[in-house]
Amino acid sequence: MGLALRILFSVVIIMGGCALAQPPLSLASSVSAVSKTANIQPDKPSSTTHLPIEGEFFNANGSKASLTDVIAIAKSCDYILIGETHNVTCDHIVQAKIIAALAESGMHITVGMEMFAQDKQPQLDAVNNGDVSLTEFPKKVDWKEAWGFPYPLYEPIIDVIYKHKIKLYALNFPFEIARKIGDDGMESLTPEERQFLPEKTIPSLKAQEEELARIHDKHVELMTKDKDDPKAAEVAKKSLAHYRKRFFLIQSMWDTCMAEQAVKIRKKTKLPMVILSGTGHVEHGWGISYRLSKLDPDAKVLLVVPWRDTRLLVADEGHIQFYCPLTKQSRLGFTLRMESDGATIIDVADKSAAYTAGFLVGDKIVKVSGMDVTSMMTLHRAGVKAAKEGKDMVFTVIRGDKETSISMPVPEHSHSS
């Protein structure tokens with residue numbers, strides 16, 4: 001597969017598996033019909049239009065729910081699926097909060113993570129046996145190799161797992177196997193690689209496949225629209241579209257594999273499992289939940305997904321939704337939007353520390369105190385570090401096409417350790 005094909009394959013896999021934006025289905029057809037779900041009796045729809053609070057929970061109809069409400073529902077379930085966008089700090093904080101509350105309620109659970117492939121289970125077994133300290137965890141489980149997103153994003157979750165001595169399990173198969181299937185098809189796999197695949201792949205529902213096709217075709221269009229030669233563009237489109245079936249297959253294999261592993265672990269441990277994965281594997285009950293309904297039909301499944309903006313909730317995305325915006329309003333006085341290469345400032349509050357320091361709307365923060373800005377957590381860590389050391393925070397900023405440096409004292413009480 002050429003470079004362009006590799007890029008397309010990687011992008012649509014990430015978009016399809018972890019960030020689907022689905023057309024709504026009815027709860028009856030998309031969730032209740034594909035798995036036995038918790039008995040949820042939603043309140044009357046909320047008429048409030050104020051901005052939700054970060055981390056606030058909602059029932060499917062938009063009415064507010066407390067963490068206590070969520071835990072009460074979850075305690076009757078066999079699988080609690082919590083979706084995430086991998087680089088959104090708020091999502092991971094909410095996931096950690098739910099896991100901690102379940103443990104503190106007296107419920108014995110396991111945690112299964114998309115972030116680990118099955119070949120990492122021996123390292124996780126060492127963690128489960130108490131042979132790996134919390135500080136050793138990232139290195140001992142080969143976090144950088146296992147998952148492409150910064151470890152600090154997931155620290156709140158791992159901290160809770162260690163605190164409550166919760167067993168941790170790998171659900172995925174190695175991404176390199178998916179890449180190999182995309183390149184050369186199933187026939188290219190070795191017997192050793194095939195052992196990580198599901199016993200029998202369960203195909204996607206028609207609605208999910210239609211959405212995957214939309215995502216795939218959108219990225220094909222983006223990658224070919226700037227070609228000067230119309231004939232070359234058409235050839236490229238046909239070449240890229242050739243891999244669509246493999247893309248569908250890999251998505252189905254991922255969802256089936258994670259469901260299959262979860263079922264095996266639940267039957268072995270006799271404990272409910274919290275499953276952490278990209279939202280695209282959770283919302284609408286299309287991904288993992290649909291496969292669970294086939295593999296463990298008597299199980300009750302709870303779907304918990306992020307809500308990103310202040311529009312009305314799409315009722316059938318999940319049973320419970322939590323508000324986590326993709327932007328972050330910092331106490332330093334700027335509002336940030338996290339992007340792949342830094343955090344862009346979309347607003348600066350008058351008379352704030354950021355305003356006084358000289359930040360402007362449109363500035364992109366790429367480093368802070370020498371650390372690459374890979375998540376909102378980087379800014380928090382830099383603030384804590386600067387406050388402890390009594391030093392200014394030093395930001396590396398891209399303004400237009402120039403790089404500049406801005407220093408700013410840490411406002412009192414702006415960060416907590």
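Residues numbered from 1 in each chain as written. Predicted model: local features only at pLDDT ≥ 70, side-chain atom pairs only at ≥ 80, totals over all residues. Heavy atoms only, no water.

Let's talk about the nonpolar core
For clarity, the threshold we go by: The nonpolar core is taken to be a set of buried Ala, Val, Leu, Ile, Met, Phe, Trp, Tyr and Cys residues, with the residues joined through side-chain atoms within 4.5 Å. Here's how the labels work: a residue is buried when its accessible area is under 20% of the maximum for its type, exposed when over 50%, partly exposed in between, all with a 1.4 Å probe on protein chains only. Going along the chain from the N terminus, every DSSP run of H or I of four or more residues is numbered as a helix, and every run of E of two or more is numbered as a strand. Residues count as neighbours in contact if any of their non-hydrogen atoms are within 4.5 Å of one another.
Counting residues in hydrophobic clusters, the biggest one holds 50 residues, and the most contacted among them are Ile80, Ile99, Val111, Phe116, Phe137 and Val274. Top contributing element to this core by residue count: helix 4 (residues 89–104), with 9 residues. Residues within four places of Phe116 in sequence aside, it is in contact with Leu124, Phe137, Val141, Trp143, Ala146, Leu168, Ala170, Leu171 and Asn172. Counting 21 residues, the second largest nonpolar core, distinct from the first, contains Leu336, Ile345, Ala386 and Ile406.

Structural notes on the pattern of salt bridges
Quick note on the threshold: Only one rule defines a salt bridge in this text: a Lys or Arg side-chain nitrogen within 4 Å of an Asp or Glu carboxyl oxygen.
For the structure on display, the rule yields 16 salt bridges. Note that Lys264 is salt-bridged to Glu199, the shortest N-O span being 3.6 Å. In this pair, Lys264 sits in helix 13 (residues 244–269) while Glu199 sits in the loop between helix 10 (191–194) and helix 11 (206–224), placing the two residues 65 residues apart along the sequence. The exposure class of Lys264 is partly exposed, given its relative accessible area of 40%. Residues Lys264 and Glu260 are paired through a salt bridge, measuring 3.9 Å at the closest nitrogen-oxygen approach. Separated by 4 residues within a single helix, Lys264 and Glu260 lie in helix 13, roughly one turn from each other.

Describing the environment of Glu260
Classification of Glu260 by relative accessible area gives buried; the value is 8%. Along the backbone, Glu260 and Glu199 are 61 residues apart, and their C-alpha atoms lie at a distance of 8.3 Å. Once residues within four sequence positions are removed from consideration, Glu260 is found in contact with Leu197, Pro198, Glu199, Lys200 and Leu295.

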